[in-house]
Amino acid sequence: MIRASNKLIRYPFSATYVSGLFEHWQKNPQSVPEGWRQYFSEQINGGVGVQGTTSLNPLDHAKQIQLLYRTYYMFRMFFVCGHQLADLDPLNLPHTKEYGRVKGQRPEMTLDSFGFKKEELDIPIYFGNKDQRSFIYPFMEAKDEWTIREIYDRLSQIYTKKYGVEYIHMVSTEQKHWIEQEMDRIAQWKPSKETQTATWQRLARVDLFNEFLKNRFTTSKRFGIEGTDTLIVGLEALVDQCAQNKVEHIIVGMAHRGRLSTLANVFKKPLEIIFAEFQNKYSKEIEESWGNIGDVKYHLGVTRDQQFPDGHHIRMTMLPNPSHLEAVNPVVQGKTRALQDICGNKQHCLGIIIHGDAAMAGQGVVYESLQLENLNGYSNEGVIHVVVNNQIGFTTTPIDSRSGLYCTDVAKAIDVPIIHVNADDPDLVEEIFKIAVRFRQQFKKDIVIDLIGYRRYGHNEQDQPAFTQPQMYEIINKQKPVFQIYDQQLRKNGVITDDFANNEIKKLNNSLETAYKNIQKETFDKVHWVPKPWEKIQQVTKWGKVKDTGVALKDLLELNEKVNNLPAELTVHPQVKRIYEQRKQSIEQGKGIDFGTAEALAFGTLLHEGFSIRLSGQDCERGTFSQRHAVINDQKKDIKYYPLRNYIPAGGNNRFEVYNSPLSEYGVLGFEYGYSQSNPNVLTIWEGQFGDFANGAQIMIDNFITSGESKWNVPSGLVMMLPHGLDGQGPEHSSGRMERFLQLMDDDPNIVFQMKEQRIKRQILDSNFQVCVCSNPSNYFHSLRRQLRRDFRKPLILFNSKRLLKFSKATSEISHFLEGTRFHRLIPDSHEEIKAPKEIQKVVICYGQVYYDILQKRQDTKRNDVAILRVEQLAPFPYDHFRVIAQQYENAEFVFCQEEHQNSGGWQYLEPRIQNVLSLLHQQGKIKHQYLTFCGRRPSASTASGSPTVHKQELEKLLSILFQ
């Protein structure tokens with residue numbers, strides 16, 4: 001018998017090397033490394049070689065050690081490369097680079113390849129006590145001694161099934177051991193007849209549903225799941241496991257492939273509604289709604305409450321999403337986190353993200369989203385990822401779509417297990433999905449399932465895949481559907497009878513036919529099946545009407561005392577301390593209140609009213625421009641202090657959260673959008689480090705934030721803060737690309753001609769979002785408070801001037817924050833030195849920080865016949881308010897001035913709207929001049945000059961032209 005040590009390094013060594021070390025050890029034990037000293041000592045004392053022998057022949061001993069090391073090497077090879085031995089591909093495609101199979105070549109893992117001789121295979125080896133044996137592999141616990149043959153057979157049994165696990169890259173020994181235990185269990189596991197019958201019924205529903213759609217709607221795109229049908233079986237098993245683990249919310253995000261089958265079979269969306277969508281039958285409610293244009297059937301979302309036999313409920317939500325693959329991923333994570341924050345237990349809310357194989361490897365947002373998982377401000381304590389692996393992306397095979405061996409290689413970056421499984425084994429797929437839930441619940445981290453199957457038809461059902469993959473589709477055309485394979489298997493094994501199977505199939509077909517006939521009836525009105533609305537929007541009337549956003553003076557003073565008096569025991573940086581002292585002083589004196597102070601007042605008063613605030617973005621704790629300091633870092637201790645939490649009643653500190661985000665825009669903005677969907681009583685804010693950083697999240701802006709309510713009836717109150725303004729800092733830090741947002745507005749420029757009253761009622765409610773540029777701190781204060789003081793929610797895009805943050809002239813008095821005050825969509829010229837409205841010769845319409853440049857130029861030129869009108873809410877444009885103000889200047893000409901280039905900024909959006917109002921007033925005889933002229937920088941491909949000198953010259957030129 002050979003006695004092994006659990007301390008052995010899992011690599012082979014040559015006999016010459018080991019015998020040399022042994023000779024040195026015999027002469028002087030201190031001459032060899034400590035690990036080898038311990039090992040040689042154990043071998044001598046334990047009796048190596050022939051039982052009872054204490055003398056050692058160095059060469060024989062070295063050979064025995066070599067045998068042990070080859071054994072450990074065999075273990076190591078199975079740990080690292082065993083997944084490559086698994087039978088994962090239902091099609092058994094050629095092992096070629098075309099299909100992503102030969103990265104590093106498939107390892108040869110035979111007894112011969114490990115160097116074992118026939119006479120060595122049955123030598124018993126002692127691997128230590130139970131704990132030591134378990135450390136090597138869980139099955140080793142069963143007995144003291146193992147032969148090489150027994151070990152190899154057991155490892156082969158585990159690693160050559162229809163699943164393979166990549167886990168050796170993980171850090172945690174406990175988690176790796178858990179995975180090994182599950183692998184060992186599955187190798188011995190056999191499902192019961194009852195389980196297989198239930199699986200057959202699930203698979204039958206999927207197969208017959210797909211077949212029905214194919215035959216009834218032959219010319220429609222449906223992006224069927226055929227080839228990976230077991231996704232549905234796995235998801236249903238996953239939901240059952242979640243119920244056992246008392247999960248309360250499941251949030252699913254997935255692309256179009258298999259979405260209809262998931263909705264029908266997992267979410268139990270009524271078949272009548274699905275069939276109606278194929279025939280473009282919509283409810284009267286949708287047709288009459290304010291702008292709900294809808295979306296294609298395979299983009300829509302649903303919410304369903306499912307009750308289980310034990311009375312447990314799970315609310316299941318499928319998020320709507322666009323065709324931009326993987327874009328929904330961070331939205332799932334954000335919505336899940338919001339629900340977790342509401343219920344107070346992250347394990348009760350589970351996010352599931354279903355990927356495509358090509359998209360998993362190709363889309364950058366996958367990595368951005370994965371990277372969020374272990375971050376304090378974004379963690380869901382585990383998301384289950386499922387890759388529907390068709391082994392092709394549209395017409396592109398792995399040779400052209402990824403560089404790694406698997407499409408899931410990106411997930412190794414976040415230290416999670418990856419389970420590859422053959423989609424044509426329904427029993428195994430169900431069990432793997434259950435394992436995923438148990439792993440997530442126990443270890444609170446992500447897990448990835450790579451469901452490897454194929455795509456029976458083209459990218460959509462009208463596509464011809466044989467154009468580009470003739471050999472692959474020759475194999476697919478010969479492949480039996482998984483339901484046929486499984487059905488024949490169960491009938492053959494006596495698990496189900498022919499009578500049972502035929503009756504079940506008949507009932508399922510009848511239910512499909514009945515649903516189809518129901519939608520042909522004239523009385524059928526398709527119910528709009530969408531995610532359930534918010535349970536409650538908190539409405540407060542403290543300090544006035546809902547739209548009044550001012551606050552009582554005594555409350556502002558109380559906030560000032562509690563927030564701006566920092567604890568004596570806190571070691572604060574002198575400059576930060578000075579900022580808080582200045583804030584306190586400005587509120588006490590009632591003047592000189594800057595933007596940072598106004599923001600703190602808005603946050604504090606909202607918290608006081610019972611709302612919550614979540615602020616996220618790059619460096620947002622301090623603020624890019626050192627303007628916020630919402631979190632103060634002790635200079636001597638590792639302590640973070642949140643001043644605004646001092647104004648929240650005891651126990652409510654979690655209502656104010658500020659998180660520095662990773663260096664990501666697409667992923668983080670998507671997360672915050674998802675968060676904003678779940679709770680309307682949280683002011684959810686994403687701040688860009690600079691406004692132009694929003695470029696990196698344009699997909700999220702276009703397809704979710706600005707259009708999500710119109711397409712899917714999903715409201716959001718998300719606030720995007722974008723630093724904006726031309727300050728001579730170059731093209732990359734000057735513009736938030738305001739023009740792009742304004743182009744996405746659905747505000748009708750011709751509405752002014754339809755106005756019958758002086759005011760447009762609930763204009764913002766009927767728009768898709770808002771764009772504001774606040775030129776003073778008090779309006780900034782009101783814009784934030786207004787977001788939550790309404791009975792509805794709309795996204796708000798705030799373009800915040802960098803220069804005005806600490807500009808002495810851009811401050812407000814305390815009276816502008818008090819009860820009875822509110823947000824000003826337009827600010828008329830109220831300076832006493834200008835002439836009466838009838839004597840004004842020119843009205844300059846502007847927005848943002850250029851107002852102060854225009855004001856200074858007017859003072860320098862002593863032009864008291866020029867009035868300046870500030871637009872604070874650019875979109876939706878305040879037609880009613882502007883009309884009232886403009887008609888006062890009956891003799892003036894109107895000029896629009898912006899600091900941005902003519903093809904940028906607000907001009908292209910505002911010009912037709914302002915012009916329509918002026919034209920109407922001119923027709924009515926109320927003003928003399930009807931045309932609007934432009935004054936600003938000429939069109940440019942770049943947003944701003946990189947030279948401060950050129951910037952000043954351009955600004956001075958446009959101001960000179962303006963006051964000619």
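Notes on the structure follow.

Definitions and limits used
- Residues numbered from 1 in each chain as written.
- Predicted model: local features only at pLDDT ≥ 70, side-chain atom pairs only at ≥ 80, totals over all residues.
- Heavy atoms only, no water.
- Helix = DSSP H or I, 4+ residues; strand = E, 2+ residues; numbered from the N terminus.
- Buried < 20%, exposed > 50% of the residue type's maximum accessible area, 1.4 Å probe, protein only.
- Contact = heavy atoms within 4.5 Å.
- Core = buried A, V, L, I, M, F, W, Y, C linked by side-chain atoms within 4.5 Å.
- Pairing = 2+ DSSP bridges.
- Axes fitted to C-alpha atoms, helices over the stretch in contact; angles between N-to-C directions.
- Parallel < 35°, antiparallel > 145°, perpendicular 65-115°, else oblique.
- Left-handed = near helix turned anticlockwise from the far one by under 90°.
- Nonpolar A, V, L, I, M, F, W, Y, C, P; charged D, E, K, R; others polar.
- Phe/Tyr/Trp six-rings, centres within 6.5 Å; stacked < 30°, edge-to-face > 60°.

### Topic: the overall build of the chain
Right, on to step 1. Scanning the chain from terminus to terminus reveals 31 helices and 25 strands.
Right, on to step 2. Overall size of the chain, expressed as C-alpha extent along the three principal axes, is 115 × 80 × 50 Å.
Right, on to step 3. Taking all 964 residues of the chain together, the buried fraction comes to 59%.
Right, on to step 4. The contacts in the chain between residues at least 6 apart in sequence include a share of 81% that link residues at least 24 apart.

### Notes on the nonpolar core
Right, on to step 1. Counting residues in hydrophobic clusters, the biggest one holds 88 residues, and the most contacted among them are M74, Y137 and L231.
Right, on to step 2. In terms of residue count, the dominant contributor to this core is helix α3 (residues 58-81) (11 residues).
Right, on to step 3. Those residues within four positions of Y137 in sequence are excluded, and the remaining contacts are F75, F79, I158, Y159, Y167, E180, M183 and D184.
Right, on to step 4. Residues L718, L722, Y879 and A886 belong to the second largest nonpolar core, which totals 76 residues.

### Section: the sheet that holds strand β11 (residues 447-452)
Right, on to step 1. The mixed open sheet is built from 8 strands, whose spatial order is β4-β10-β11-β9-β8-β5-β7-β6. In this open sheet, the two strands that pair with only one neighbour each are β4 (163-166) and β6 (302-307). Each adjacent strand pair in this sheet contributes to an overall mean axis angle of 20°, direction not counted.
Right, on to step 2. Here 6 bridges tie strand β9 (residues 383-389) to β11, and the two strands are oriented parallel to one another. In the sheet register, N389 faces β11, and the bridge partner there is I452.

### A look at the pairing of strand β12 (residues 612-617)
Right, on to step 1. Judged by how many residues are buried, β12 sits mostly within the fold: 6 of 6 residues are covered.
Right, on to step 2. Burial along β12 is two-sided: the residues S612, R614 and S616 and I613, L615 and G617 are all buried.
Right, on to step 3. Where β12 and strand β16 (residues 682-687) come together, 6 bridges link them in parallel fashion. Its bridge partner being in β16, G617 is matched across the sheet by E687.
Right, on to step 4. Bridging between β12 and strand β15 (residues 656-660) involves 5 bridges; their strand directions are parallel. Within the sheet, the bridge partner assigned to R614 lies in β15 and is E657.

### What to know about the environment of L300
Right, on to step 1. Relative to the helices and strands, L300 is located in the loop between α11 (284-288) and β6.
Right, on to step 2. Each C-alpha atom, one on L300 and one on Q471, is 35 Å from the other, the two residues being 171 residues apart in sequence.

### Describing the side chain of H782
Right, on to step 1. Within the secondary structure layout, H782 lies in helix α27 (residues 777-788).
Right, on to step 2. Taking relative accessible area as the criterion, H782 reaches 1% and is therefore assigned buried.
Right, on to step 3. Those residues within four positions of H782 in sequence are excluded, and the remaining contacts are T549, G550, H816, F817, T821, R822 and F823.

### Some remarks on the packing of helix α7 (residues 193-216) against helix α10 (residues 271-278)
Right, on to step 1. Between α7 and α10, the least distance of the axes is 12 Å, while the angle of their chain directions is 30°. Between α7 and α10, the crossing angle belongs to the class labelled roughly parallel. Classified by chirality, the crossing of α10 by α7 is right-handed. Note on element contacts: α10 touches α7 through L271, I274, F275 and F278, opposite F209, F212 and L213.
Right, on to step 2. Across the contact of α7 with α10, the residue classes tally to 7 nonpolar, no polar and no charged.

### Structural notes on the packing of aromatic side chains
Right, on to step 1. Evaluated as defined, the whole model comprises 37 aromatic pairs.
Right, on to step 2. Ring geometry for Y73 and F114: centres 6.0 Å apart, planes at 85°, overall edge-to-face. Taken together, the residues span a long stretch of sequence, with Y73 in helix α3 and F114 in the loop between α3 and β2 (125-126) at a distance of 41 residues.
Right, on to step 3. Of the residues examined, Y73 reaches a relative accessible area of 25% and is grouped as partly exposed.
Right, on to step 4. F114 gets classed as buried once you look at its relative accessible area, which sits at 5%.
Right, on to step 5. Taking the centre distance of 6.0 Å and the plane angle of 70° together, the rings of F212 and Y516 count as edge-to-face. Residue F212 is located in helix α7, and its partner Y516 is located in helix α19 (residues 498-518); the two are separated by 304 residues in the primary sequence.

### Concerning the sheet that holds strand β20 (residues 826-827)
Right, on to step 1. Taken in spatial order, the 5 strands make up an open sheet running β20-β22-β21-β24-β25, and their pairing is mixed. Looking at which strands have only one partner, the edges of the open sheet turn out to be β20 and β25 (932-937).
Right, on to step 2. Strand direction decides the pairing type here: β20 and strand β22 (residues 866-871), joined by 2 bridges, are antiparallel. Its bridge partner being in β22, I827 is matched across the sheet by R870.
Right, on to step 3. Seen against the sheet, helix α28 (residues 850-861) touches β21 (842-846), β22 and β24 (893-901) and runs at an angle of roughly 170° to β22.

### Examining the pairing of β9
Right, on to step 1. Counting buried positions over the 7 residues of β9 gives 7, a clear majority of the element.
Right, on to step 2. Bridge analysis of strand β8 (residues 349-356) against β9 gives 6 bridges, and the strand direction is parallel. Within β9, the position partnered with G356 by the bridge is V388.

### Points about the packing of helix α8 (residues 230-244) against helix α16 (residues 426-443)
Two quantities define a packed helix pair, namely the angle between the helix axes and the distance between the axes.
Right, on to step 1. Where α8 meets α16, the axes come as close as 8 Å, and the angle between the chain directions of the two elements is 40°. Accordingly, the angle class assigned to the pair α8 and α16 is oblique. In the packing of α8 onto α16, the handedness of the crossing is right-handed. Contacts between α8 and α16 pair T230, L231, V233, G234, L235, A237, L238, Q241 and C242 from the former with P426, V429, E430, F433, K434, V437 and R438 from the latter.
Right, on to step 2. In terms of residue class, the contact of α8 with α16 is built from 10 nonpolar, 3 polar and 3 charged.

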